[in-house]
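# Inside the fold
Okay, here's what each chain looks like letter by letter:
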Amino acid sequence: MPDQFFADIYRDTEHLTWAPSEQVRERGRRRTRRTRIAATLAGAVAVAVIATGAVALADGQDGAPTPVLPATGSPTPTPDPSATPTPSPPKASRTPVAPPSTPSRTSGRPSAGTTDPAIPASALLQASDVPSDWRGQAPSSEGDSSFAFSTGGCEPSNHQLFRLNPRAQRGIVFVQGQIAPLDETVTRYSAGDAARYLGAVRDRAEKCGGPEVKITVLAEDLAGTQSVLVRVEHHGDAVTHYLFVRVGDLTAELTVADRAAATEYAPKVADRLCAGTDAC
């Protein structure tokens, strides 16, 4: 069996022409050079891929430093002392200047564009506006005698008067002995809701009625003011007169004794409301 194996090799290589040894060595050298060049190119591609990924990462992160590849060239030459530029003088620091302070408000009137909805006490009727034997006090937290409450049983129950959103309210009650002849509530609305307020009051008064309540609009624009006087009569109960006055984004609702009292207080209420709005 081994003899047959060598016989086959001899037969296959008997007529084979062998290249000279020098040519074989040259081919080996060329193969070695190609291998080295391929390895060098592969290394360069790897470095480029890493650098590209680092740059992309730097672009996606604000303020991240760009990676710097290590230098492979000759060392940086020492700069010529004569060519060194003269450093420029440092820039003067800029100290932030605080904006001017807003002037203090002494009158209680909000400045133009203010977002403070608070109602100053000066926007309500004062002791000098009523008889000397009347005493002002804070409204009671018990019960509700407002016009909205008095008409709560009217239809529609979701009337536009109830959809106006107050931003702030403040009230005062003047008492005389054991009775309260005057009760005032001042409300601040947005400009749009305040403009719709008196119309909503009129609409509620005109459309609300029935066997248990009778509502009548008695007068409008009393003494040159934007105002409405409404009479509410509950059958079997007392009669209440509601005076409504509007100035700018402020409205006032008062319970008064009668039409004569409403005519007297309407201009006083309007003047006081000017202390809480820029509309005057």
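Residues numbered from 1 in each chain as written. Predicted model: local features only at pLDDT ≥ 70, side-chain atom pairs only at ≥ 80, totals over all residues. Heavy atoms only, no water.

## Structural notes on the overall build of the protein
- Helix and strand counts for the protein come out as five helices and seven strands.
- Along the protein, helices (α) and strands (β) appear in the sequence α-α-β-α-β-β-α-β-β-β-β-α when read from the amino end.
- Each of the 280 residues in the protein was classed as buried or not, and the buried ones make up 28%.
- Within the protein, residue pairs in contact and separated by at least 24 positions form 61% of the contacts whose partners lie at least 6 positions apart.
- For the protein, the computed accessible surface area is about 19100 Å², with 56% contributed by carbon and sulfur atoms. (Helix = DSSP H or I, 4+ residues; strand = E, 2+ residues; numbered from the N terminus. Buried < 20%, exposed > 50% of the residue type's maximum accessible area, 1.4 Å probe, protein only. Contact = heavy atoms within 4.5 Å. Areas by Shrake-Rupley, 256 points an atom, 1.4 Å probe, with all protein chains shown as cover.)

## Some points on the environment of Tyr197
- Tracing the backbone shows Tyr197 in helix H4 (residues 191–207).
- Through-space distance from the C-alpha of Tyr197 to that of Gln160 is 9.0 Å; in sequence the pair is 37 residues apart.
- Beyond its immediate sequence surroundings of up to four residues, Tyr197 is in contact with Leu161, Leu164, Tyr189, Phe244, Thr251 and Glu253.

## Observations regarding unusual backbone geometry
- One non-glycine residue, Asp221, adopts positive backbone phi at about 55 degrees.
- With respect to the element layout, Asp221 can be found in the loop between strand E4 (213–220) and strand E5 (227–234).
- The phi dihedral of Ala223 falls on the positive side, at around 50 degrees, and the residue is not glycine.
- By secondary structure assignment, the location of Ala223 is in the loop between E4 and E5.

## Notes on the packing of aromatic side chains
- On inspection of all chains with the given rule, the structure shows six aromatic pairs.
- By the ring-pair criterion, three or more aromatic residues cluster together here, those being Phe147, Tyr189, Tyr197, Tyr242 and Phe244. (Phe/Tyr/Trp six-rings, centres within 6.5 Å; stacked < 30°, edge-to-face > 60°.)

## Some details on the pattern of salt bridges
- Under the counting rule described, the total for this entry stands at seven salt bridges.
- Arg196 is paired through a salt bridge with Asp193; the nearest N and O atoms lie 2.6 Å apart. Placement of both Arg196 and Asp193 in helix H4 is noted, with a separation of three residues, approximately one turn of the helix.
- We classify Arg196 as partly exposed; its relative accessible area is 44%.
- Look at Asp193 and you get buried, because its relative accessible area is 11%.
- A salt bridge links Asp203 to Lys207; the shortest N-O distance between them is 3.0 Å. Of this pair, Asp203 and Lys207 both sit in helix H4, four residues apart, roughly one helical turn.
- Judged by its relative accessible area of 58%, Lys207 falls in the exposed class. (Salt bridge = Lys/Arg side-chain N within 4 Å of Asp/Glu carboxyl O.)

Purely geometric stuff here, so don't read any function into it on its own.
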